[in-house]
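Examination of the molecular architecture
Below, each chain spelled out in residue letters.
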Amino acid sequence: MGARRGQDYLQRLDEEARDVWIEGERVVTGITSHPAFRNISRSVAALYDMQHDPELRDEMTYISPSTGDRVGMSFLQPRTHEDLSRRRRMMKRWADYSGGMMGRSPDYLNSSLMAMAGAAGFFAEADPAFGENIRRYYEYVRENDLCLTHTLINPQINRSQGPAAQKDPYLAARIVKETDGGIVVRGARMLATLGPLADEIIVFPSTVLKNQPEDAPYAYAFAIPSHTPGLKYLCRESFDYGKSHFDHPLGSRFEEMDAVVIFEDVLVPWERVFLLQDTKKCNEVYAATNAVVHMAHQVVIKNVAKTEFILGVVLEMLDAIGIDGFQHVQEKAAEVILTLEMMRAFLRAAEADARPDAWGLMTPAWNPLNAARNLYPKLYPRLAEIIQQLGASGLMALPAEADFRGPLGPAVERYLQGRNADAWHRVRLFRLAWDIAVSSFGGRQILYERFFFGDPVRMWGALYQSYDKEPYRERVRAFLERAEEGEV
Ligand SMILES: Cc1cc2nc3c(=O)[nH]c(=O)nc-3n(C[C@H](O)[C@H](O)[C@H](O)COP(=O)(O)OP(=O)(O)OC[C@H]3O[C@@H](n4cnc5c(N)ncnc54)[C@H](O)[C@@H]3O)c2cc1C
């Protein structure tokens, strides 16, 4: 089959029964017609359609080594620097489509799976069948261009205890038993972004597991279709309120949805199991396979796209209301520019210093990507704050599209105009700024950037612990010795 069109994606979603719950309502089939999912599913479909745009085809796809069909570029296993550039160009194109507001465009998890399959040997060390399983699964997803979600963390019930010591050992998803057909899993995981609209879910190791026997039933990695019996997605309320693109420019397009994932004695077939009861391997998997590096590569490309988009919004705002001459306003705009240039520099450094890894994949340098992914959770909320500081009451004085056509239309035109913009254009722009920095959609974006890659506190701690600190300490020791020895 190879690279899909949007219609293929939508059709498969509608036909495959799934167990999705939203505000007490169950959605089984026809999910792309549901108000909470209609618009975002069309946005994902638009990404897939780009793969068939004659002008973009070569940028978005490559020839599959196994079938000769064209397949999505984010599945490409990079062997050269140019391959990394090809991956970047494709991923940037997708990120630009939403101004970086779709964190879970399919390339994010395609990158993870691509790297894991490249490092199939890591899984094979545990069991040769696992190595074969991950390789075959990657090819299956690539050739069918499936959309994946993933869920990594246990329910937030009592974080002072591990999964086995919770009130009930089956609160966190746990292996119940092994059968001839596969493993049976019961419990829950949170949180799967885009879950209800994904063809498949990958359920990978949760946060660091202690190397204790009681943790073994929580140590696994597998993937199953979203329509697997017993698998349920429990959604939060939607932030797509059915408004027009004018009124809610982002929420009406890119509301990705997040869902708790419930496993009611779900049978995972053996061919979909990649790790089992192996806490050590589970704790190592993202680093040892370099999946985290390729995911971070996608994330930093998205960060560049998102910051470029926000910079554009900020600059338009300054012009629209004539505040571009004020010094502190320029300083705030400059802060957005600095954020952008930082992300660009990290991305460029990571690609320039890329090296083949132990598995033969050309792998971006980790330190710049790690720096970028740890900084952005601090920088992104500040970008939203800058929009609030610059927009001020303009982020509340926001008549709806209908007001332009209503009896107060002339007043709206008169009082909501800008310096160089009529009211329609000024309000449209400020509604976009509001959807980035004030709306429930915007609030979720901030929370997403803070947390989606993990708890920032523990990530900074992990960075500190893993960083090669010795050369710097040694340099200072040598400097102090130099003084002792009477050198200048
Ligand atoms: C919008 C959004 C989308 C997401 N999408 C996905 C997804 O698609 N798939 C997925 O798997 N995950 C997803 N996540 C979850 C994300 O991985 C987690 O939010 C992140 O790992 C932090 O875990 P937590 O939310 O359970 O916070 P917790 O671990 O419960 O932390 C809550 C607070 O307690 C502190 N804390 C807790 N435990 C410790 C500890 N041991 N040491 C020090 N401090 C501690 C934390 O620092 C934090 O301040 C998403 C999150 C968000 C917000």
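Before any of the text, the structure's been laid out above.
Reference entry: report on the structure contained in this document.

Reading guide: rules and limits
- Residue numbers here run from 1 along each chain, matching the order of that chain's written sequence.
- Under the rules for a predicted model, residues below a pLDDT of 70 receive no local features and side-chain atom pairs below 80 are neither given nor counted, while totals for whole chains, interfaces and linings still include all residues.
- Side-chain descriptors were evaluated using all non-hydrogen atoms of the structure, hydrogens and water having been removed beforehand.
- Helix and strand assignments come from DSSP, with helices taken as H or I runs of at least 4 residues and strands as E runs of at least 2, each series counted from the N terminus.
- By the convention used here, residues are in contact when the closest approach between their heavy atoms is within 4.5 Å.
- We treat Lys and Arg as the positive residues and Asp and Glu as the negative residues; His and chain ends play no part in the count.
- All charge positions are set by atom: Lys at NZ, Arg at CZ, Asp at CG, Glu at CD.
- Patch membership needs two things, relative accessible area over 30% and no salt bridge, and members are linked within 9 Å if like-charged or within 5 Å if nonpolar (Val, Leu, Ile, Met, Phe, Trp, Tyr).
- With residues, only the protein chains shown are counted as cover, and all accessible areas are computed by Shrake-Rupley using a 1.4 Å probe.
- The term salt bridge refers to a side-chain nitrogen of Lys or Arg lying within 4 Å of a carboxyl oxygen of Asp or Glu.
- Exposure classes here rest on a 1.4 Å probe applied to the protein chains alone. A residue is buried below 20% of its type maximum, exposed above 50%, and partly exposed in between.
- To define axes, lines are fitted to C-alpha atoms, for helices over the stretch in contact only, and angles between the resulting N-to-C directions are given on a 0 to 180 degree scale.
- Throughout, the term roughly parallel applies to angles under 35 degrees, roughly antiparallel to angles over 145, roughly perpendicular to angles from 65 to 115, and oblique to all others.
- Note that Gly is not counted as nonpolar here; it falls among the polar residues with everything else outside the nonpolar set of Ala, Val, Leu, Ile, Met, Phe, Trp, Tyr, Cys and Pro and the charged set of Asp, Glu, Lys and Arg.
- Here a Phe, Tyr or Trp ring, Trp counted by its six-membered ring, pairs with any other such ring whose centre lies within 6.5 Å, and the pair is stacked when the planes are under 30 degrees apart, edge-to-face when over 60, and tilted otherwise.
- Residue types Ala, Val, Leu, Ile, Met, Phe, Trp, Tyr and Cys, when buried and joined through side-chain atoms within 4.5 Å, form a set referred to as a nonpolar core.
- Each domain span listed reflects an automatic or database assignment of domains.

This part is about the overall build of the chain. Check the secondary structure of the chain and you find 17 helices and 14 strands. Principal-axis analysis of the C-alpha atoms gives the chain an extent of 80 × 70 × 50 Å. In the chain, 75% of the contacts between residues at least 6 apart in sequence involve partners at least 24 apart. Taken as two groups, the 57 positive and 66 negative side-chain charges of the chain have centres that lie 1 Å from each other.

This brings us to a negative patch on the surface. A cluster of like negative charges, contributed by Glu481, Glu484, Glu485 and Glu487, occupies part of the molecular surface. Relative to the assigned elements, glutamate 481 resides in helix H17 (residues 470-484). Take glutamate 481: its relative accessible area is 43%, and that puts it in the partly exposed class.

This brings us to the packing of helix H8 (residues 279-289) against helix H9 (residues 291-321). Between two packed helices, both the angle of their axes relative to each other and the distance between the axes serve to describe the pair. For the pair H8 and H9, interaxial distance at closest approach is 4 Å and the crossing angle is 60°. Taken together, the axes of H8 and H9 are oblique relative to one another. The segment H8 lies against H9, with Tyr286, Ala287 and Thr289 engaging Ala291, Val292 and Met295. Classifying every residue of the contact of H8 with H9 by side-chain character gives five nonpolar, one polar and no charged.

Tallied over the entire structure, the rule returns 19 aromatic pairs. When the centroid spacing of 5.7 Å and the interplanar angle of 80° are considered together, the rings of phenylalanine 246 and phenylalanine 404 count as edge-to-face. Of this pair, phenylalanine 246 sits in the loop between strand S10 (231-235) and strand S11 (258-269) while phenylalanine 404 is found in helix H12 (residues 401-405), placing the two residues 158 residues apart along the sequence. Here the aromatic cluster, defined as three or more aromatic residues joined through ring pairs, consists of Tyr137, Tyr140, Phe204, Phe274 and Tyr286.

Attention shifts here to the environment of arginine 428. Looking at the secondary structure, you find arginine 428 in helix H14 (residues 423-437). On the basis of relative accessible area, arginine 428 is assigned to the partly exposed category, the value being 41%. A sequence separation of 183 residues divides arginine 428 from histidine 245, and the C-alpha atoms of the two residues are 9.2 Å apart. Ignoring sequence-local partners within four residues, the contact set of arginine 428 consists of Phe246 and Ala423.

All right, on to the nonpolar core then. The nonpolar side chains of soluble globular proteins are, as a tendency, buried together. By size, the foremost hydrophobic cluster in this structure holds 141 residues, and its most contacted members are Phe123, Phe204 and Phe263. A per-element tally of this core places H9 first, with 16 residues. When residues of this core are assigned to domains, at least three fall in each of domain 1 (6-285) and domain 2 (290-473). Here phenylalanine 123 is in contact with Met116, Phe130, Gly131, Ile134, Phe204, Phe274, Leu275, Val285 and Thr289, once residues within four sequence places are set aside.

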